[in-house]
Structures are given as C-alpha cells and as structure tokens.
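# Descriptive structure summary
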Amino acid sequence: MTLREWLDRGEAQLGAGPHPERARLDAETLLLHLVGKNRAWLITYMNDDFAGCTAIRYAGLLERRRKGEPIQYITGETEFYGLPFQVTPDVLIPRPETEHLIERVLELATCFQQPRIVDVGTGSGVIAVALAHHMPQAHIAATDISEPALVVARENAARNEVVGHLQFSQGDLLVPVADQRFDIVVSNPPYVSSSDRESLSLEVRDHEPALALFAGDEGLTIYRRLIPSAFAALAPGGFIALEIGYGQANAVQALLGETGFTDVKLTPDLQSIPRVITASRP
C-alpha cells in the first residue's frame, strides 16, 4: 500500500471514532509523528510504498485513536501559547481557554518590577513555563500534589529553556511554599463537578487524570481551600488569578469577597463565557 492508501484507510477507520470531522487530519498527524516528517514531505512522497514494521505501528496508532485516546497522549506532545509541551496521561491536556489566564497574569505582572508568582496545581507546567518564557525577570514557583505530573513539568521547563527561572515543589496547594510570599497566585485547579462525569467526552472521562479534573459535587472544593490560603500567601497589593468553569463565576466571586479580596474582575473566553477571575489583596 502507498502512503495515500494508508491515509485513506486511516481516515475511514477514524471516521468511526469520536471525532469523524477530524479523521483525515488525525490520520495525517499520526503518520507524520510516526515518521518524523512534515506535510511537505507527505505531499512529495504520497504515492510511495508504505509497509513493514512502520506500517504495522501506524495501524496500532490509528486503532488507539479510534478507541478515543486523545491524539496528544498518542504523540506525547502539544502546543500551548506558542510553545511546545510534552503531555502524558499523568497530566491534563492544556486547553486554549487557559491562554486567557496567561494573558491576564501577564497584565497583572506589569504592576511589579520582579513579580513573585506561584502556579498552584501546575500539572504539565504550561502556565508556569509560559509565564517564565515571557517574563524572565519573574521569580516563579510551581506546586502540584502529583509527583508524576511534576516530572512532566520539569521536562517541559527544560524543553523551553526556563529551568533556571522555576522552582518546582511537590505537595498540596500552597503547603510546599508556605514560607514564601507572592505578588500573584495563579491556578487552573480541578473544577468539574463529579456529577458531570458522565456528560464529559470519552476522551476526557476515560483518559485524562481524574485528580486534575474533579472537585466535588459542585466543582468548588479546591476553590474553597485555595482562596483563603492564597490570601494568606499574598503580599498586600498582590493578586489572585483563577480559571473557572461554566456557571461558577458567582460562586467563586462570593468566595473571594468572603475571604477579603477586592476589585474582582471577570475575563470571558471566545464564547463569552466567564473563564478567568482575578482579585486583589488589600
């Protein structure tokens, strides 16, 4: 079989998968990942034979994708905020919506000459690494309760050449950095309600880590713990910046106000859904 025939076969196979609208793109992405080439190469050699062990491995990748495994886990990589990142099943796959959180933190950081920032629940490290890449003058700490996630985060810091700007610590929320004070606490915490589990896509529900997704019946469990500890960790005049889920704006805003935060602001995503909430510590 030629490359073209294999791609046609892959497209047909993935057409029966969870995202038939992406079948051709996914088939091409998996093939190019496997052979380590780009699309220009694919166009040039489309009619060449494709067989042997490589073809067998490609068939295996197609089957994994057909069964719903995220393509980012199959290839082991993704892009976020214009930077390359490794991802494994130990970490969430970063979403485009989280880029709004990065942009908001970059805005807040202009208030400080050398901002001290902590990324709580860093996962793959995309937030901390992106911030370090764009703010080499910042002092950035990152925590996560999952040591396997931190292994991925450290790899991503090395891959993007920001190791010297980051301090990674394993532990619950802000406990690992309890002796430090910060100008900005940023987090994209678990915020999916456990009751919404069955409504999630197969890719998310069956493949992404539950520890990084679910936060109690209302999805607010982590916010209730994180917001008071963030208030204590912030220097006066500091900021908290959080990603929030659909329909959570009012509840999180109330938690911030009850804790003593002021100047609460909401930032919508491209669908006009409130996605980021920020507030200041007096």
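For the structure itself, look to the data block above.
From a predicted model like this one, the values you see are computed outputs, not experimental measurements. (Residues numbered from 1 in each chain as written. Predicted model: local features only at pLDDT ≥ 70, side-chain atom pairs only at ≥ 80, totals over all residues. Heavy atoms only, no water.)

### Some thoughts on the nonpolar core
The nonpolar side chains of a soluble globular protein tend to be buried, and buried together. Grouped together as the largest cluster of nonpolar side chains are 34 residues, with contacts concentrated most on Ile102, Ile117, Leu131, Ile140, Leu166, Ile184 and Val186. Every element with two or more residues in this core is listed here: β2 (83–86), α6 (99–109), α7 (126–134), β4 (139–144), α8 (147–159), β5 (166–170), β6 (182–187) and β7 (234–243). Tallying contributions element by element places α7 first for this core, with seven residues. Setting aside its immediate chain neighbours within four residues, Val186 contacts Leu101, Val105, Ile117, Val118, Asp119, Val120, Ile127, Leu131 and Ala241. If you look at the next biggest cluster of nonpolar residues, it comprises 29 residues, including Leu173, Ile222, Leu234 and Leu255. (Core = buried A, V, L, I, M, F, W, Y, C linked by side-chain atoms within 4.5 Å. Buried < 20%, exposed > 50% of the residue type's maximum accessible area, 1.4 Å probe, protein only. Helix = DSSP H or I, 4+ residues; strand = E, 2+ residues; numbered from the N terminus. Contact = heavy atoms within 4.5 Å.)

### A few points about the side chain of Thr122
Along the chain, Thr122 falls in the loop between β3 (116–120) and α7. You can call Thr122 buried: its relative accessible area is 6%. Residues contacting Thr122, with those up to four places away along its chain left out, are Ala128, Ala142, Thr143, Asp144, Leu150, Ala153 and Phe168.

### Digging into the environment of Phe239
Mapped onto the secondary structure, Phe239 falls in strand β7. You can call Phe239 buried: its relative accessible area is 13%. Through-space distance from the C-alpha of Phe239 to that of Asp263 is 9.6 Å; in sequence the pair is 24 residues apart. For Phe239, the contacting residues outside a window of four places in its chain are Leu108, Cys111, Phe112, Asp183, Ile184, Val185, Leu234, Ala279 and Ser280.

Remember that the coordinates give geometry; whether it matters functionally is a separate question.
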